[in-house]
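Overview (structure and organization)
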Amino acid sequence: MDIWTLLKTTDRPIVFYGTGNGADMMAKILSSYNKSVSGIFASPNFIRNRTFLGLPVLSFEECLEKFGSQMIVLMVFGTSDINVINYAREISTKCDFYVPDLLTDENGEPFTPSYLDKHLKEIESAYERLVDERSKEIFKASIKHRLFAKLDSLTSSWSNDEDNWKELGINDNEVFFDAGAYNGDTVKRFCSITNNYEHIYGVEPDPRSFKKLALSCENLDKVTLINAALSNVDGETSFTFSKGRGNKKGGKDIISQRSIDSILNGSRASIIKYDIEGEEEKGLLGASNTIKNYKPKLILSSYHKIDDLWHLPSVLDSINSNYTYMLRKSICIPFWDLYYLCK
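Residues numbered from 1 in each chain as written. Predicted model: local features only at pLDDT ≥ 70, side-chain atom pairs only at ≥ 80, totals over all residues. Heavy atoms only, no water.

Side note on the environment of aspartate 117
Along the polypeptide, aspartate 117 turns up in helix 5 (residues 113-118). Each C-alpha atom, one on aspartate 117 and one on glycine 22, is 26 Å from the other, the two residues being 95 residues apart in sequence. (Helix = DSSP H or I, 4+ residues; strand = E, 2+ residues; numbered from the N terminus.)

This is the structure:
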């Protein structure tokens, strides 16, 4: 039984592991099924006297004592912290434990079997573009996880980011364009692979992250940093800044917006990394000339929107159809940090 049918039909207590935006989103989905959360617990270091969704935040042991091993536990936050991941694994041995994918379409529908059926041809088309067996394994695990939300489909897909990037064949004299440079972590990763580069561009909209980016790059030569959002056209845009993940277009803050073609102004980029919080399609379109003329290698995040996994390859193909595709995933719960390697 898929996770969504289970949640619609179960009479067992449903317990959240975690608080925050993910818990809010999951509560909204449950409400659409006329279901509600019975209890909430947090990791040991985050248990304190507080409530969430009108319920006290307990420990796992307290929830287990209250609801018994028949409870359904939903992990409703993301992490790459190996200690938290190991704690989740431990919990999964004591009860029915799921890590649901909370992305929904414009109608609020998650990735249900009926959603899969609607988009099957597009999904199969993207799958057929993959050039190696590891990519196909990860793609199938992604679909399986969205339907069944089991932890093992996540852990079987993990690999080291630096090793993944090396599969692009990164050489000396690259021009690296970091679209969504955050605090400089991916600039650092690029420099760990090669320090003999031609130039680095880093673009980041969040002012706080941009300051960290500037600090992390202060000892690097040949670097251009721009505090702006990336899109398909230059101008201004409204934005919402979050303390964690979740920066997004729309909100009260007005910031500068740039396209990659505008920034490069005809100059080349040989590698572009995209991780721009759901704006990847516009980011690709805003680099159309660069992609057509130089065919840069791409690291393309494909997890921010429910259809990114199969839609973004079709967008790239419409610009330059000569790319090959591999798929890789970082060590992370849930199926975040999933990206195409295009060359």
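Notes on the sheet that holds strand 16 (residues 325-329)
Across the sheet, 7 strands lie side by side as 9-8-7-14-15-17-16; this open sheet has mixed pairing. With one partner strand each, in any of the chains shown, strand 9 (223-226) and strand 16 form the two edges of the open sheet. Put simply, the sheet's adjacent strands are angled 15 degrees from each other on average, direction ignored. Running over the sheet, helix 7 (residues 133-148) touches strand 16 and strand 17 (338-342) and is turned about 55 degrees from strand 16. (Pairing = 2+ DSSP bridges. Axes fitted to C-alpha atoms, helices over the stretch in contact; angles between N-to-C directions. Contact = heavy atoms within 4.5 Å.)

Examining the pairing of strand 4 (residues 55-58)
As paired elements, strand 2 (residues 39-41) and strand 4 share 2 bridges and run parallel to each other. Across the sheet, isoleucine 40 pairs through a bridge with valine 57, a residue of strand 4. Pairing geometry for strand 3 (residues 51-52) and strand 4, over 2 bridges, is antiparallel. Across the sheet, residue threonine 51 finds its bridge partner in strand 4, namely proline 56. Connecting strand 3 to the next strand, strand 4, in antiparallel fashion are 2 residues, including leucine 53 with a positive phi near 55 degrees.

Some words on the state of the cysteines
For the coordinates displayed, the defined rule picks out 0 disulfides. Its sulfur unpaired, cysteine 217 is 7.3 Å from the next cysteine sulfur, which belongs to cysteine 191. A relative accessible area of 5% means that cysteine 217 is categorised as buried. (Disulfide = S-S within 2.5 Å. Buried < 20%, exposed > 50% of the residue type's maximum accessible area, 1.4 Å probe, protein only.)

Digging into the nonpolar core
Judged by nonpolar contacts, the single largest core of 69 residues is most densely connected at Phe139, Phe177, Tyr274, Leu284 and Tyr340. When residues of this core are assigned to their parent elements, the largest contribution, 6 residues, is made by helix 15 (residues 308-319). Counting residues in hydrophobic clusters, the runner-up holds 22 residues, among them Trp4, Leu6, Val37 and Val57. (Core = buried A, V, L, I, M, F, W, Y, C linked by side-chain atoms within 4.5 Å.)

Some remarks on the sheet that holds strand 5 (residues 72-75)
Reading across from one edge, 3-4-2-1-5-6 is the order of the 6 strands in this open sheet, with mixed pairing throughout. Two strands lie at the open edges of the sheet, namely strand 3 and strand 6 (96-98), each paired on one side alone. Of the pairings in the sheet, the one linking strand 1 (residues 14-17) to strand 5 comprises 4 bridges and is parallel in character. Its bridge partner being in strand 5, valine 15 is matched across the sheet by valine 73. The strands touched by helix 2 (residues 21-32) are strand 1, strand 3 and strand 5; relative to strand 1, the strand with the most contacts, the crossing angle is about 160 degrees.

Observations regarding unusual backbone geometry
A cis amide bond links isoleucine 333 to the next residue, proline 334, at an omega of 0 degrees. Note on placement: proline 334 falls in the loop between strand 16 and strand 17. The backbone phi angle of leucine 53 is positive, close to 55 degrees, even though this residue is not glycine. Mapped onto the fold, leucine 53 is located in the loop between strand 3 and strand 4. Positive phi outside glycine occurs at asparagine 173, with the angle close to 65 degrees. Mapping asparagine 173 onto the fold places it in the loop between helix 9 (161-166) and strand 7 (175-179). Look at asparagine 173 and you get partly exposed, because its relative accessible area is 45%.

Things to note about the environment of alanine 269
Positionally, alanine 269 belongs in the loop between helix 12 (260-264) and strand 14 (271-274). Distance from alanine 269 to tyrosine 294, taken between C-alpha atoms, is 7.1 Å for residues 25 residues apart in sequence. Those residues within four positions of alanine 269 in sequence are excluded, and the remaining contacts are Val175, Phe177, Leu264, Thr290, Tyr294 and Pro296.

A word on helix 15
The terminal C-alpha atoms of helix 15 lie 16 Å apart, and with 12 residues this matches the ideal 16 Å at 1.5 Å per residue to within 8%. Asp308, Leu309, Trp310, Leu312, Pro313, Val315, Leu316 and Ile319 are the residues of helix 15 that are buried. (Expected span 1.5 Å × (residues − 1).)

Some details on the side chain of threonine 112
Relative to the helices and strands, threonine 112 resides in the loop between strand 6 and helix 5. In this structure the side chain of threonine 112 is engaged in a polar contact, spanning 2.6 Å, whose partner is the side chain of glutamate 109. Among residues more than four places away in sequence, those in contact with threonine 112 are Trp4 and Leu147. (Polar contact = N/O pair within 3.5 Å; in protein donor to acceptor, adjacent residues only side chain to side chain.)

Concerning the pattern of salt bridges
Under the defined criterion, the tally for this structure stands at 15 salt bridges. Between glutamate 174 and lysine 297 there is a salt bridge, and its shortest N-O distance comes to 2.6 Å. Of this pair, glutamate 174 sits in the loop between helix 9 and strand 7 while lysine 297 sits in strand 15 (residues 297-301), placing them 123 residues apart in sequence. Residue classification places glutamate 174 among the buried residues on the basis of a relative accessible area of 4%. Look at lysine 297 and you get buried, because its relative accessible area is 13%. Ionic pairing is found between aspartate 234 and arginine 258, a salt bridge with its closest N-O pair at 3.4 Å. (Salt bridge = Lys/Arg side-chain N within 4 Å of Asp/Glu carboxyl O.)

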